[in-house]
Amino acid sequence: MEQQLTKKYGLPTAICMVVGIVIGSGIFFKAEKILNATGGDLRTGILAWIIGGLIAISNACAFAVMATRYQKVGGMVDYAEAAVGRAYGYYLGWFLAAVYYPCLTSTLAWVSARYTCVLLGYDIVSGECMTITLFYLVAAYFINTMAPRLAGKLQVSMTLIKLVPILLMAGMGTAAGLRSGMTAANFAQVTADTVTAYPLFTALAATAFAYEGWVVATTINAELKDPKRTLPLALVCGVGIIMLIYLFYYVGIAGAVPNAVMMESGEHGARLAFSTIFGQAGGTILFVFVLISCLGTCNGLMMGCTRGFYALAARGTGPKPQVLSQVDPSTGMTSNAAAAGLLACAFWGTYFYFGCLQNHLGPFRFDSSEIPIITLYAMYLPIFLGFMREAREEPPFRRFVLPALALCSGLFMVIAGILSYQWDCLYYLLFFAVFMAAAPCRFVSGKSYPYALFSTSGRASEPAVIGQPGAPQWGLRAFFSGQRGRNVVRSPFFRQRCLGQTRQKRRTQKRRGCESLRFASFIPLPSLGRTPGITSF
């Protein structure tokens, strides 16, 4: 099998992937939670939507700058490696592949099944609902694995379809509410007895799920045409469009039904709102569009889920990299990595059912649709700090201002999550620590997996094992000390630097054409052989 992905997606697909993944489920799934968290206070809810959107835009802008500098196969993993180091990039990639993508994908499959059950009259925690959830997962997997180009076209078409009910509700709902006075009444209504201890922070944590998903677009950067131009435009434009649509929809649905009805109806609230504005038949048709929008989100998340383990395997890290890095020449897809992603979705879907829906896991029943997103915001923070430290060639605005804004917004989101979930965060962190400690690390432990250093001529130097004397050191301690390698670049994607030499001597060597050794992919020692066939970065 081949081990290279082809360039097959353009700017429209990338923007539609960002918009299509984010819009569709969260605006319906979390609208009633935000109303309940704020006691029906629309002003606080709108403020939460605005803050959540600005946080997403600030993070998207910061990563858009990174996207113009780095291009490999893993998107977010590339940025983590470049800014902090390979060890941190590995653990971030493991979290994305094994926790983040599968959690959101399995949750969205259940949300799609939930709205299907509303149409068919089934209970949302019944066996029928879970069977439909499994069907949607497998269907999204086969579409993305067997026909990736079709999956991209479906993403574009589903994005256009899902905008129909949202824009209609935003326009006609607002107009109907202004005529009937429903909008004014909902803005004046506040149910104080349902307000949480931190209403704004609880609502903001809910918007994290509604806005999250744009990061999945970074997983296809190796498959984008002109990725250094396409990906930044897709991230910034996509998130900006999403924020405006969310605000208009939230105001529009307030003009359709009273806040108390939305807060009590749960999954039936959206259908009731559409039926109120467009009649029974029209409301049912538009609710089918809502279901299609959720399926589009599930399809977009599966696009990232099927590539998560490949981002690790392409670097020679993670479980079975020789197997998971293979690309099927007939479809151009990472079939083995996609199967691993599907298994991870099945695991987290089972957890969601027994933990979140059935409450069978005691204190370890954290909300797998929101807390992993807050965790990812926390994992962004070292990337922003590292980028400000490393990107010396960038102008001050791109090097300091944008990452600093993203850093502050991410820290604010983490604080909001802690105040919102409180003790649930502690139980989640215990689970998170065990899960990350069990990661099949192929180079951090340094017991059995050496790596090789390659010069520009392709000849391998003597392999060394991480942790042994004389071997390059990686990780947080090496990051803060500045000693992350011997005769290697400070990070794999920045300019060459020979540690231990003076700046003038390095400049002299550069003028003379001397090249320091480059850092190659981590590979098992037995595969080196006599004629290694791995090129340096």
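Whatever comes next refers back to the structure up there.
(A) Molecular detail of the overall build of the chain. For the chain, the count of helices and strands is 20 helices and two strands. Here the chain, with 537 residues, has 57% of them falling under the buried criterion. In the chain, the share of contacts with a sequence separation of at least 24, taken over all contacts with a separation of at least 6, comes to 78%. Looking at the chain as shown, the accessible area adds up to about 20900 Å², and 65% of this sits on carbon and sulfur atoms.

(B) The environment of Phe-289, seen in detail. Structurally, Phe-289 is set in helix H13 (residues 269–313). The partly exposed category is assigned to Phe-289, whose relative accessible area is 25%. Spatially, the C-alpha atom of Phe-289 lies 9.2 Å from that of Ile-166, the residues being 123 residues apart in sequence. With residues near it in sequence (within four places) discarded, Phe-289 still touches Ile-161, Val-164 and Pro-165.

(C) Expanded view of the pattern of salt bridges. All chains considered together, the criterion is met by nine salt bridges. The residue Arg-315 makes a salt bridge to Asp-78 at a minimum N-O spacing of 2.0 Å. Of this pair, Arg-315 sits in the loop between H13 and helix H14 (321–324) while Asp-78 sits in helix H5 (residues 76–83), and the two are 237 residues apart along the sequence. Judged by relative accessible area, which is 2%, Arg-315 ranks as buried. A salt bridge links Glu-81 to Arg-315; the nearest nitrogen and oxygen atoms lie 2.8 Å apart. Linking Glu-81 in helix H5 with Arg-315 in the loop between H13 and H14, this pair joins segments that are 234 residues apart in sequence. Note on accessibility: Glu-81 and Arg-315 belong to one class, buried.

(D) Representation of the side chain of Thr-145 within the structure. Inspection of the secondary structure assignment puts Thr-145 in helix H7 (residues 127–146). Of note is the side chain of Thr-145, whose polar atom sits 2.7 Å from the backbone oxygen of Tyr-141. Filtering out sequence-adjacent residues up to four positions away, Thr-145 remains in contact with Thr-306, Thr-331, Met-333, Ser-335 and Ala-338.

(E) Just the packing of helix H6 (residues 86–120) against H13, in detail. The contact between H6 and H13 brings their axes to 8 Å, and the two run at 155°. Between H6 and H13, the angle falls in the class roughly antiparallel. Between H6 and H13 the crossing geometry is left-handed.

(F) The environment of Asn-36, seen in detail. Turning to its location among the elements, Asn-36 is positioned in helix H3 (residues 31–37). Separated by 163 residues in the primary sequence, Asn-36 and Pro-199 place their C-alpha atoms 8.8 Å from one another.

(G) Here's a closer look at the packing of aromatic side chains. For the coordinates displayed, the defined rule picks out 33 aromatic pairs. Seen in terms of ring centroids, Tyr-351 and Phe-431 are 6.2 Å apart; in terms of plane orientation they differ by 40°. Their pairing is tilted. Of this pair, Tyr-351 sits in helix H15 (residues 335–357) while Phe-431 sits in helix H18 (residues 423–437); the two residues are 80 residues apart in sequence, bridging distant segments of the chain. Under the relative-accessibility criterion, Tyr-351 is labelled buried at 8%. Ring geometry for Phe-431 versus Phe-435: centroids 6.2 Å apart, planes at 15°, classification stacked.

(H) Region of the structure containing the packing of H7 against H13. Two numbers describe how H7 lies on H13: the axes approach to 9 Å, and their chain directions differ by 55°. With respect to each other, H7 and H13 are oriented oblique. Classified by chirality, the crossing of H13 by H7 is right-handed. Residues Tyr-136, Leu-137, Ala-140, Tyr-141, Ile-143, Asn-144 and Thr-145 of H7 form the contact with H13, whose own contacting residues are Leu-291, Leu-295, Cys-298, Asn-299, Met-302, Met-303 and Thr-306.

Cut-offs used in this document
Residues numbered from 1 in each chain as written. Predicted model: local features only at pLDDT ≥ 70, side-chain atom pairs only at ≥ 80, totals over all residues. Heavy atoms only, no water. Helix = DSSP H or I, 4+ residues; strand = E, 2+ residues; numbered from the N terminus. Buried < 20%, exposed > 50% of the residue type's maximum accessible area, 1.4 Å probe, protein only. Contact = heavy atoms within 4.5 Å. Areas by Shrake-Rupley, 256 points an atom, 1.4 Å probe, with all protein chains shown as cover. Salt bridge = Lys/Arg side-chain N within 4 Å of Asp/Glu carboxyl O. Polar contact = N/O pair within 3.5 Å; in protein donor to acceptor, adjacent residues only side chain to side chain. Axes fitted to C-alpha atoms, helices over the stretch in contact; angles between N-to-C directions. Parallel < 35°, antiparallel > 145°, perpendicular 65-115°, else oblique. Left-handed = near helix turned anticlockwise from the far one by under 90°. Phe/Tyr/Trp six-rings, centres within 6.5 Å; stacked < 30°, edge-to-face > 60°.

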